[in-house]
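Report on the structure
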Amino acid sequence: MPAGAVQAGRHWSDSQGVAYRTGRSILALTIALGLLVATGLGNLWLHPYFLRLPRLHWKLGLVALALVLAVVHDFVLGPRAGKPGAAPSVRVRASWIARINVLVVLVIVLLGLGLLR
Ligand code: HEM
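Residues numbered from 1 in each chain as written. Predicted model: local features only at pLDDT ≥ 70, side-chain atom pairs only at ≥ 80, totals over all residues.

A few words now on the site of the ligand. Inspection of the region around the ligand gives His73, Asp74, Gly78, Pro79, Ala81, Gly82, Arg91, Ala94, Ser95, Ala98, Arg99 and Val102 as its neighbouring residues. A per-class count over the shell around the ligand returns 5 nonpolar, 4 polar and 3 charged. (Near = placed C-beta within 6 Å. Nonpolar A, V, L, I, M, F, W, Y, C, P; charged D, E, K, R; others polar.)

Where helix H2 (residues 54–82) meets helix H3 (residues 88–115), the axes come as close as 9 Å, and the angle between the chain directions of the two elements is 155 degrees. Our classification of the angle between H2 and H3 gives roughly antiparallel. Crossing of H2 against H3: the hand is left-handed. Grouping the constituent residues of the contact of H2 with H3 by class yields 22 nonpolar, 5 polar and 5 charged. (Axes fitted to C-alpha atoms, helices over the stretch in contact; angles between N-to-C directions. Helix = DSSP H or I, 4+ residues; strand = E, 2+ residues; numbered from the N terminus. Parallel < 35°, antiparallel > 145°, perpendicular 65-115°, else oblique. Left-handed = near helix turned anticlockwise from the far one by under 90°.)

Right, let's talk about H2 for a bit. Along its 29 residues, H2 runs 40 Å from first to last C-alpha, staying within 8% of the 42 Å computed at 1.5 Å per residue. Within H2, the axis deviates most sharply at His73, by approximately 40 degrees. Considering only its buried residues, H2 is in contact with H3. (Expected span 1.5 Å × (residues − 1). Bend = angle between axes of the 7 residues up to and from the residue. Contact = placed C-beta atoms within 7 Å.)

Residue-level pLDDT values for the protein average 86, and 85% of them are 70 or greater. Across the protein, the element-wise mean pLDDT spans from 76 in helix H1 (residues 3–46) up to 95 in H2. Contacts for the low-pLDDT stretch residues 1–10, under 50 throughout, to residues beyond four places or in other chains number 1 contact. (pLDDT = per-residue confidence, 0-100.)

Right, here's the structure in full:
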């Protein structure tokens, strides 16, 4: 078999794998976010006084910030960094946005644990 056909075959299965993994990740994220929204609304229904707690306001603000950072990382800087000839600084910025988001999400988890203490 000519080398080109082997390479073309590899390329095809690689891109199928990426599409499959991306689809599964998006499905997992959608289920996770759906569960978080559902359990959050359930908690508010069981404990309406949460709405008056500054800790919940901080948490909701940080959730909004995490979503904005994730969109910038996943749909703006991430794809831009992957383009051929992209400036290395774009990759560095994509990386830092993601690291900062990890910290934001950790604070959200800690605030969430505190709410139910
Ligand atoms: C749930 C989705 C994602 C999460 C949780 C995530 C998380 C991260 C984290 C934590 C880093 C920093 C790694 C480090 O510097 O040690 C990173 C880097 C990066 N991510 Fe993502 N990411 C996601 C999706 C994406 C997508 C969709 C793209 C592109 C389309 C992307 C492109 C990049 C790039 C280019 C870097 C920089 C890598 C480097 O420094 O070599 N990410 N990501």
